[in-house]
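# Structure assessment
Chain by chain, the residues:
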Amino acid sequence: MSRFRSALILFVVSTLCVSPAWSEPYAYVTNRGSATVSIIDTQTDKVTSTFAVVNEPLGIAASADGARLYVVNQTGTLIERDLYEDKETARMTVGAAAAGIWPSPDGRMLLVALGDRDAVALIDMPTLRMLKTLQVGGKRAEHAVFSPDGRWVYASAKNGDSIAVIDVAKRALVKSIGLGGEPGSIAFAPDGSRAYAAVTAAQELVVIDVARHAVAARVKPSARPNDIIAHPDGKRVFVGVGEAGKVQVLDVQSGRSIATAEAGAGVAEM
């Protein structure tokens, strides 16, 4: 099985993150059914160890130095684990229905989507202290991401029709970008000039001009888009289309599909 194919399978069945700092990179995968986290050596594609977490793990993030792992579960508990000592070192309650977790580019903050509060939480990573909770508009906050420079957070709710723009330094909502329809995953281009949002109900990929916080273009994938990842070269965007069981590769400049990969039914996360 190719490494590209195996990676797609991991994206479909689990939430995954990769430590950027270790010389031998590892991937960390939440296994919701068994309430465990698996550590995978990406050089060999083999599981090196697995540890248990209480209740269903929903989101996962690694610290920038690769020393700590953060997991949020369905009861809204955020768990910090020291990967060198292989033990839990801290935990805090963030709120039930936490939908995901994302680290800031500078490794100082964590961002958690709080589905039960229709909000996102900014958390100080070293102390696990709640810095601010911000409403995002709509019901069931589900997607949020830092811009590459850490200046902005773009967030959305599943039962909403817009993206909330949060100024991280001010810890304040400064604008709402109307999308029309049910917003899904959000991803920034590596240079931060553009952002991409899946609009599931409208079957669109919306391109956002970050300087203006405004819609710049709309692209039609082959089916309803669920999840988005921007390639590090900034030229391509990978779009998971769940009902088609495929991942489409879109050329950013032309907005056209240049490749399609079979990924299995129900592509949900990448």
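The preceding data block contains the structure.
This section reports on the structure supplied with the text. Bear in mind that the values here come from a model prediction, so they are computed numbers and not experimental data.

## Re the overall build of the chain
Helix and strand counts for the chain stand at 1 helix and 24 strands. Residue burial in the chain is summarised as follows: out of 270 residues, 52% are buried. Considering only intrachain contacts with a sequence separation of at least 6, the fraction spanning at least 24 residues in the chain is 31%. For the chain, the accessible area works out to roughly 11,900 Å², and carbon and sulfur atoms hold 50% of it.

## Section: the sheet that holds strand E5 (residues 57-62)
The strand order E5-E6-E7-E8 describes an open sheet built from 4 strands, whose pairing is antiparallel. Edge positions in the sheet fall to E5 and strand E8 (87-93), since each of these pairs with one other strand and no more. Strand after strand, the sheet turns through a mean of 20° between neighbouring axes, direction not considered. Pairing of E5 with strand E6 (residues 68-73) involves 5 bridges; the strand directions are antiparallel. The residue of E6 that forms the bridge with Ile-60 is Val-71.

## Some points on unusual backbone geometry
In the Ramachandran plot, Ala-35 falls in the positive-phi region, its phi being about 55° despite a non-glycine side chain. Inspection of the secondary structure assignment puts Ala-35 in the loop between strand E2 (26-31) and strand E3 (36-41). A positive phi is found at Asp-86, a non-glycine position, where the angle reads about 55°. Turning to its location among the elements, Asp-86 is positioned in the loop between strand E7 (77-82) and E8.

## Some thoughts on the pattern of salt bridges
Where charged atoms from two side chains of opposite charge come close, those side chains can pair. On inspection of all chains with the given rule, the structure shows 8 salt bridges. Note that Arg-194 is salt-bridged to Asp-209, the shortest N-O span being 3.9 Å. Linking Arg-194 in strand E18 (residues 194-199) with Asp-209 in strand E19 (residues 204-209), this pair joins segments that are 15 residues apart in sequence. Classification of Arg-194 as partly exposed rests on a relative accessible area of 31%. On the basis of relative accessible area, Asp-209 is assigned to the buried category, the value being 13%. Linked through salt bridges whose partners overlap, the residues forming this network are Asp-65, Arg-68 and Glu-80.

Scoring rules and cut-offs
Chains are numbered independently. Their residues run from 1 in the order of the written sequence. The predicted nature of this model means local features are confined to residues of pLDDT at least 70 and side-chain atom pairs, given and counted, to a pLDDT of 80 or more, with totals for whole chains, interfaces and linings taken over all residues. Water and hydrogen atoms play no part in the side-chain values, which are based on all heavy atoms of the structure. A run of DSSP states H or I qualifies as a helix once it reaches four residues; a run of E qualifies as a strand once it reaches two. Both are numbered from the N-terminal end. With a 1.4 Å probe rolled over the protein chains alone, any residue whose accessible area is under 20% of its type maximum counts as buried; one over 50% counts as exposed, and the rest are partly exposed. Residues count as neighbours in contact if any of their non-hydrogen atoms are within 4.5 Å of one another. Per-residue accessibility takes into account occlusion by the displayed protein chains alone, with areas from the Shrake-Rupley method and a 1.4 Å probe. Paired strands are those between which DSSP finds at least two bridges. Axes, fitted as lines to C-alpha atoms, cover a helix only where it is in contact. Angles between the N-to-C directions of the axes lie from 0 to 180 degrees. Think of a salt bridge as a Lys or Arg side-chain nitrogen and an Asp or Glu carboxyl oxygen that are within 4 Å of each other.

This is a description of form; function is not addressed.
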